[in-house]
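Survey of secondary and tertiary structure
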Amino acid sequence: GVGDNVDVQTPSGRVAGRIESLTLRITALRAFDGTLHFVPNGNILVASNRSKGWARAIVDVRAAYGEDVEHMRSILEELFTELEGDRTLSEWIHEAPNVLGVERMGQDALVLRVVADTRPSKVMDVERLLRERISRRLTEKGIKIPVIPVAATGPGPDGR
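So, a few notes on the structure that sits alongside this text. All of these numbers come straight from a predicted model, not from anything done at the bench. (Residues numbered from 1 in each chain as written. Predicted model: local features only at pLDDT ≥ 70, side-chain atom pairs only at ≥ 80, totals over all residues. Heavy atoms only, no water.)

1. Regarding the packing of helix 1 (residues 69–83) against helix 3 (residues 123–140)
Helix 3 packs onto helix 1 with a crossing angle of 125° between their chain directions and a minimal axis gap of 10 Å. Between helix 1 and helix 3, the interaxial angle falls into the category oblique. Note on packing geometry: the crossing formed by helix 1 with helix 3 is right-handed. Taking contact as the criterion, the partners of Met-72, Ile-75, Leu-76, Glu-78, Leu-79, Phe-80, Glu-82 and Leu-83 in helix 1 are, on helix 3, Leu-130, Arg-133, Ile-134, Arg-137 and Leu-138. (Axes fitted to C-alpha atoms, helices over the stretch in contact; angles between N-to-C directions. Helix = DSSP H or I, 4+ residues; strand = E, 2+ residues; numbered from the N terminus. Parallel < 35°, antiparallel > 145°, perpendicular 65-115°, else oblique. Left-handed = near helix turned anticlockwise from the far one by under 90°. Contact = heavy atoms within 4.5 Å.)

Written as structure tokens, this is what we have:
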């Protein structure tokens, strides 16, 4: 319906946005960047509604090799217990955040996955809030978060 956030798969690819209008022939979707897409209904192969029921906020937390995973888990679980008292967050989430465990072992870091079931309209807000609070807490506890080096894209200060 109008106002729902959807992803639609068409023969030309995926289109995502908020439904602004519906007719028997055309669905108008406003993308996050403001682009208005007009999709002929006959071209919609699959429609996925991101506004109904619940959604999942997913935050991957990088940790340097050598950090104790169980220690990190206990730090994060302590933080999540504190967040249960956060009035704003408690209105956005259905279930408190939890640490699923090590998601992958990257080239330069372990990646732990944190998830929280939330209202569909608040997924990005919850993810941002969790990243901010997790980052602050890990810094306070002295946990090293590896930085991915950025490749030089142009001349340095010396012109080379």
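2. Quick word on the nonpolar core
Formed by 24 residues in total, the largest nonpolar core has its most connected members in Val-61, Phe-80, Val-114, Val-126, Leu-130, Ile-134 and Leu-138. Secondary structure elements with two or more residues in this core: strand 6 (55–63), helix 1, helix 2 (87–92), strand 8 (110–118) and helix 3. The leading source of residues in this core is helix 1, at 6 residues. In this structure, Leu-138 is in contact with Val-61, Met-72, Ile-75, Leu-76, Ile-143 and Ile-145, ignoring residues within four places of it in sequence. Grouped together as the second largest cluster of nonpolar side chains are 6 residues, Val-8, Val-15, Ile-19 and Leu-29 included. (Core = buried A, V, L, I, M, F, W, Y, C linked by side-chain atoms within 4.5 Å. Buried < 20%, exposed > 50% of the residue type's maximum accessible area, 1.4 Å probe, protein only.)

3. Some points on the environment of Asn-43
Position of Asn-43 relative to the elements: it lies in the loop between strand 4 (36–40) and strand 5 (46–49). For the pair Asn-43 and Thr-27, spaced 16 residues apart in the sequence, the C-alpha separation amounts to 10 Å.

4. Some words on the sheet that holds strand 6
Here 3 strands make up an open sheet; going across it, the order is 6-8-7 and the pairing antiparallel. Only two strands of the sheet have a single neighbouring strand rather than two, namely strand 6 and strand 7 (98–105). Adjacent strand axes in the sheet meet at a mean angle of 30° when their direction is disregarded. Across the sheet, helix 1 touches strand 6, strand 7 and strand 8, and the angle it forms with strand 7 is around 145°. (Pairing = 2+ DSSP bridges.)

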